[in-house]
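Structure at a glance
For reference, the chains in residue letters:
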Amino acid sequence: MTITPHPDWATVWADEQWQGFFYPLCRVSGVPGLPTELALLVLSTNGLWYDEAFATAEASAHFTVFRGRGGQVAFDGDRRLFKGYAVVAEFRARLAADWARNQAQYLAATTPEQLFAVDQLPPLATPAGFDAVYFLETFRSFCYVREQYRRTGRFRSINAWLRGWHEEPGAFFVPATHADFRDADAEARANQAYLFPTLDLAVLHPVGLVPAAPYFPDGNTMLLYFDPVGQRLVCVHHYG
């Protein structure tokens, strides 16, 4: 398999409205049992909280389903699933502009407090349920880990970089044959009826696992499956 970490946001979405709702962790191709040219994306929704009243067959707090479209992905879920959805795009745009202006300062941070400082960000009125601090910390953590990898070739967690934790993820992605995936997959299947009753993991092709925690201050493992019939990508959120 070929693993491409941190794919460019601009190459991911068929519909740009979802930038800011999902983080592209890596792209995987050459998956055993699938067409060699098929490239699959692993995406995370860290930084947002959920309103389960708007869960659908496309997404909930426990899984997200994407459709492939011309090498990119599309999402048909309800925006209202994500609390504060109306300000996500604007807040992300402000964070991206701020990162572009002050990237050198952020990459020189030696503590979480320096990286996550909010003094340079213009205030934005946010609706109930939108956690602006959580969103900011998630965004800057993702950018910091990504840029440090590009500069140093070292893939370390944000907590290893800034808190000195002995936390080395070892890999951006592990295949479905790995013991970590098999254990998480077994747990997901055991709880399928409760956590995601609209999914049938038995008919999906297992692809692998991405430990999302290295990218963010907190995170969940992402289990990746592919639906060859519907040409759908299924990301299961595993909080093991």
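The rules behind these values
- Residues numbered from 1 in each chain as written.
- Predicted model: local features only at pLDDT ≥ 70, side-chain atom pairs only at ≥ 80, totals over all residues.
- Heavy atoms only, no water.
- Helix = DSSP H or I, 4+ residues; strand = E, 2+ residues; numbered from the N terminus.
- Buried < 20%, exposed > 50% of the residue type's maximum accessible area, 1.4 Å probe, protein only.
- Polar contact = N/O pair within 3.5 Å; in protein donor to acceptor, adjacent residues only side chain to side chain.
- Contact = heavy atoms within 4.5 Å.
- 1 Å grid on protein atoms, 1.4 Å probe; cavity = no way out; pocket = protein on both sides within 12 Å on 5 of 7 lines; lining within 4 Å.
- Points joined across faces, edges and corners; volume = space filled by probe spheres on them.
- Nonpolar A, V, L, I, M, F, W, Y, C, P; charged D, E, K, R; others polar.
- Pairing = 2+ DSSP bridges.
- Expected span 1.5 Å × (residues − 1).
- Arc of directions from axis to C-beta.

A word on the side chain of His237
Position of His237 relative to the elements: it lies in strand S9 (residues 232–238). With a relative accessible area of 5%, His237 lands in the buried category. Within the structure, the side chain of His237 is placed 3.0 Å from the side chain of Thr64, a separation counted as a polar contact. Not counting the four nearest positions on each side in its chain, His237 is found in contact with Thr45, Tyr50, Ser60, Ala61, His62, Phe63, Thr64, Asn220, Thr221 and Met222.

Side note on the layout of surface pockets
Size it by volume and the largest pocket reaches roughly 230 Å³. Along the walls of the largest pocket sit 16 residues, with Leu38, Ala39, Gly68, Arg69 and Gln72 positioned nearest its centre. Taken together, the elements giving at least two residues each to the lining of the largest pocket come down to strand S3 (39–44), strand S4 (63–69), strand S5 (72–74) and S9. Sort the elements by how many residues they give to the lining of the largest pocket and S4 lands first, with 4 residues. Along the lines of polarity and charge, the residues of the lining of the largest pocket split into 8 nonpolar, 4 polar and 4 charged.

Some remarks on the environment of Tyr50
Structurally, Tyr50 can be placed in the loop between S3 and S4. Taking relative accessible area as the criterion, Tyr50 reaches 16% and is therefore assigned buried. As for Tyr50 and Ala125, which are separated by 75 residues in sequence, their C-alpha atoms are 19 Å apart. When sequence neighbours within four positions are dropped, the list of residues in contact with Tyr50 reads Thr45, Ser60, Ala61, Leu81, Phe82, Lys83 and His237.

Some details on the pairing of strand S7 (residues 205–211)
In this sheet, S7 lies alongside strand S6 (residues 174–175) in antiparallel orientation, the contact comprising 2 bridges. By the bridge assignment for S7, Val174 is matched with Leu209.

Focus on the environment of Val73
With respect to the element layout, Val73 can be found in strand S5. As for Val73 and Ala14, which are separated by 59 residues in sequence, their C-alpha atoms are 5.7 Å apart. Every residue in contact with Val73, bar those within four places of it in the chain, is listed here: Val12, Trp13, Ala14, Leu41, Leu43, Phe66 and Arg67.

Section: the pairing of strand S8 (residues 221–227)
For S8, the buried fraction is high: 7 of the 7 residues fall into the buried class. Covered by surrounding structure in S8 are Thr221, Leu223, Tyr225 and Asp227 together with Met222, Leu224 and Phe226, the residues of both alternating faces. Summarising the sheet, S7 and S8 pair through 6 bridges and their orientation is antiparallel. Considered in S8, the bridge of Leu209 is made with Leu223. In the sheet, S8 pairs with S9 via 7 bridges, with the strands oriented antiparallel. Each residue of the ladder has a partner; that of Asp227, found in S9, is Arg232.

A short note on helix H5 (residues 179–190)
Here H5 spans 17 Å end to end across 12 residues, near enough to the 16 Å set by a 1.5 Å rise per residue. Among all positions of H5, only Phe181, Ala184, Asp185 and Ala188 are buried. Axial view of H5: buried residues confined to an arc of 105°, hence all on one face. More than 90 degrees from the buried face of H5, the exposed residues found are Asp183 and Ala190. Taken together, the buried residues of H5 touch S6, helix H6 (192–195), S7, S8 and S9.

Overview of the environment of Ala202
Within the secondary structure, Ala202 sits in the loop between H6 and S7. Considering only alpha carbons, one finds Ala202 and Arg189, 13 residues apart in sequence, at a separation of 8.4 Å.

Focus: unusual backbone geometry
The backbone of His6 sits at a positive phi, close to 50°, despite the residue not being glycine. The phi angle at Gln231 is positive, at roughly 55°, despite the residue not being glycine.

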